[in-house]
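Read off the chains here:
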Amino acid sequence: MKKVLPIKHKNSRRKDKVPLLSALAAPSINLSVLAGIIAQVSNWQPTSQTLLEISAITLSILLVIFIIVLIRSNKSLIQNKEKLEKQYSEIEEQYQTLVRIKEDVRAGKKFELAVKSASDQIIITDPNGIILYANPAVEAISGFEPMKVLGKKAGSSTLWGGRMDKDFYDTFWHTIKEEKKPYKGTFENKKRNGVIYYAQTTVSPVLDESGEVQFFVGIERDITREKEVDRMKDEFVSLVSHQMRTPLSSVGWYLEMLMDGSLGNLSEEQRDCIINMFESNQRMVGLINTLLDVSRIEGREIAMELKSVDIKNLVEDLLEETKIKTGKSGQHIELDVPENLPKVDLDPQLIRNVYLNLIMNALKYSPDNSPVEIEIYQEGDFIISKIRDYGYGIPKKEQGKVFSKFFRGSNIKKVDPIGTGLGLYLSKAIIRESGGDIWFESHGDGTTFGITLPIQGVKHKQEKVTTIA
Ligand code: ADP
């Protein structure tokens, strides 16, 4: 007979295992109970092994649920952390903005104080030149109260301006409004009490992000005293030059008479001395003439005696004169100019001086036997002339000063100590007066000076006519 194991015995074995299970997971006890109930109802006889497995599965499920819950809560913790970090950086940014605003306000106050106490006149206008701000120096310089100039047009005749000619104002407005570039120049102005003064003025446009003019800032310095000192200096130079020119000229004539033997025969030695004296005298006369030209140019006394000039003929005549120099040094000049070059209305004497100066410089500042090339041609409405040499060049660092008064290159002073540094200054003034432009390029292998002259020429000037002697 088959022996059936009593349930009691099984239960007692199960009882051994349950405390262990319950220690691991209490909910599994309920499942054991549930298994017992199911066993009662369905006649299912679970073994303790089965119960153990059920508990293990339950435990695993619970563990998975626990891990999921843990991961979820960890995720939300990370999200919260990110949110907090974002909020923190926003607050940090707002704080920095506040600090900057505070600094700006402080800087703005400093800036305002600086503008208020500046000795130069500072005004801010809208794009149409209507004054929005004027510092106290406006009153010191022009006599107009800053508060009373607000809303008026800067530089108009109701204030301190209106004394320059139309061309001047046109160029001024074109530069600052159309080209949107700063303008620097000297204005003749009138104080509230009618006294004329000179102002060194810089007007700069202030642009917005789209490049449109938002404001103009004008800074003016009264330079009337400096102008007066300059004028007195020029007058003195002019007076001395005039006084010296006559005696120097007569010395020159007598020396010429001595040289050509009109005053008797000279020994070889005496002749050499006289030639030296004559050359020095000629240099002095040249210097005096140049100084007089400078004072005329600066005093705007030079008026053009316009004639229809054939530049080809003018330059060819000049080359005849410079032959003496080229003959001595073995240098040669190559001229490239077409036959059909149009004539230009120019002052032939003035323009001749410019070509002469440029050609002589090219010869003087080149070594013996080197060529000088002159090229003249028409380009559209202009005549272009280029004088190219293969000489000592102009040092790069000094190139910005080339057309200024008394400039002499440091390299040239060593090889040729005699020179005035006025030729290019005068040439520029003459070319400007003739409506043209003068420029240069100088690299390691020599220098090219260029002149651009409009074929239509210059408008005839009606002023007092004086010519360069
Ligand atoms: P000057 O010849 O009497 O010194 P300029 O005004 O004619 O006066 O020239 C000014 C200076 O410019 C010269 O001293 C020289 O340093 C420089 N310069 C002018 N032309 C040339 C040139 N062709 N090559 C090199 N330097 C030049």
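This write-up is about the structure you can find in this document. Every value quoted in this text rests on a predicted model; they were computed, and no experiment measured them.

**Description of the environment of Leu318**
Along the polypeptide, Leu318 turns up in helix 9 (residues 311-329). Between the C-alpha atom of Leu318 and that of Arg352, which follows or precedes it by 34 residues, the distance is 7.7 Å. Look past the residues within four positions of Leu318 in its chain and what remains in contact with it is Arg352, Tyr355, Leu356 and Ile359.

**So, helix 8 (residues 268-298)**
Taking 1.5 Å of rise per residue, the 31 residues of helix 8 would be expected to cover 45 Å, and the 45 Å separating its terminal C-alpha atoms lies within 8% of that figure. Taken as a whole, helix 8 has its buried residues at Ile288, Thr290, Leu291, Leu292, Asp293, Val294, Ser295 and Arg296. Turning to helix 8, the residues buried within the fold contact helix 7 (224-259) and helix 12 (423-433).

**Concerning unusual backbone geometry**
Positive phi outside glycine occurs at Lys180, with the angle close to 60 degrees. Position of Lys180 among the secondary structure elements: in the loop between helix 6 (166-178) and strand 3 (183-190). Take Lys180: there are 14 C-beta atoms within 10 Å of it, and that puts it in the partly exposed class.

**Here we look at the site of the ligand**
In the region of the ligand, 22 residues are neighbours, and Gly409, Ile412, Gly419, Gly423 and Leu424 sit closest. Of all the elements in the fold, those that place two or more residues in the shell around the ligand are helix 10 (348-364) and helix 12. Split by residue class, the shell around the ligand holds 10 nonpolar, 10 polar and two charged.

**A few points about the sheet that holds strand 2 (residues 131-134)**
Strands sit in the order 2-1-5-4-3 across an open sheet of five strands; the sheet is antiparallel. The sheet is open, and its two borders are formed by strand 2 and strand 3, each paired with just one other strand. When the angles between neighbouring strand axes are averaged without regard to direction, this sheet yields 25 degrees. Pairing of strand 1 (residues 121-125) with strand 2, which is carried by three bridges, proceeds in the antiparallel orientation. Each bridged residue has a counterpart across the sheet, and for Thr125 the counterpart in strand 2 is Ile131. Lying on the sheet, helix 6 is in contact with strand 3, strand 4 (196-207) and strand 5 (213-222); it crosses strand 3 at an angle near 135 degrees.

**A short note on the environment of Ile376**
Mapping Ile376 onto the fold places it in strand 9 (residues 371-379). When the C-alpha atoms of Ile376 and Val337 are compared, they prove to be 4.9 Å apart, with 39 residues separating the residues in sequence. Excluding residues that lie within four positions of it along the chain, Ile376 makes contacts with Ile311, Lys312, Val315, Val337, Leu341, Ile383 and Ser385.

**Examining the environment of Gly185**
Checked against the element boundaries, Gly185 lands in strand 3. Taking the C-alpha atoms as reference points, Gly185 and Phe168, separated by 17 residues in sequence, lie 9.9 Å from one another.

**As for the pairing of strand 5**
Sheet topology note: the strand 1/strand 5 ladder contains five bridges and is antiparallel. Each residue of the ladder has a partner; that of Thr125, found in strand 5, is Phe216. When strand 4 meets strand 5, the two strands line up antiparallel, connected through nine bridges. Across the sheet, residue Pro205 finds its bridge partner in strand 5, namely Phe216. With antiparallel pairing between neighbouring strands as the criterion, strand 4 and strand 5 make up a hairpin whose turn holds five residues, including Gly211 at a positive phi of roughly 85 degrees.

Definitions and limits used
- Residues numbered from 1 in each chain as written.
- Predicted model: local features only at pLDDT ≥ 70, side-chain atom pairs only at ≥ 80, totals over all residues.
- Helix = DSSP H or I, 4+ residues; strand = E, 2+ residues; numbered from the N terminus.
- Contact = placed C-beta atoms within 7 Å.
- Expected span 1.5 Å × (residues − 1).
- Buried ≥ 20, exposed ≤ 12 C-beta atoms within 10 Å, placed from the backbone.
- Near = placed C-beta within 6 Å.
- Nonpolar A, V, L, I, M, F, W, Y, C, P; charged D, E, K, R; others polar.
- Pairing = 2+ DSSP bridges.
- Axes fitted to C-alpha atoms, helices over the stretch in contact; angles between N-to-C directions.

Read these as layout, nothing more, since geometry by itself doesn't imply function.
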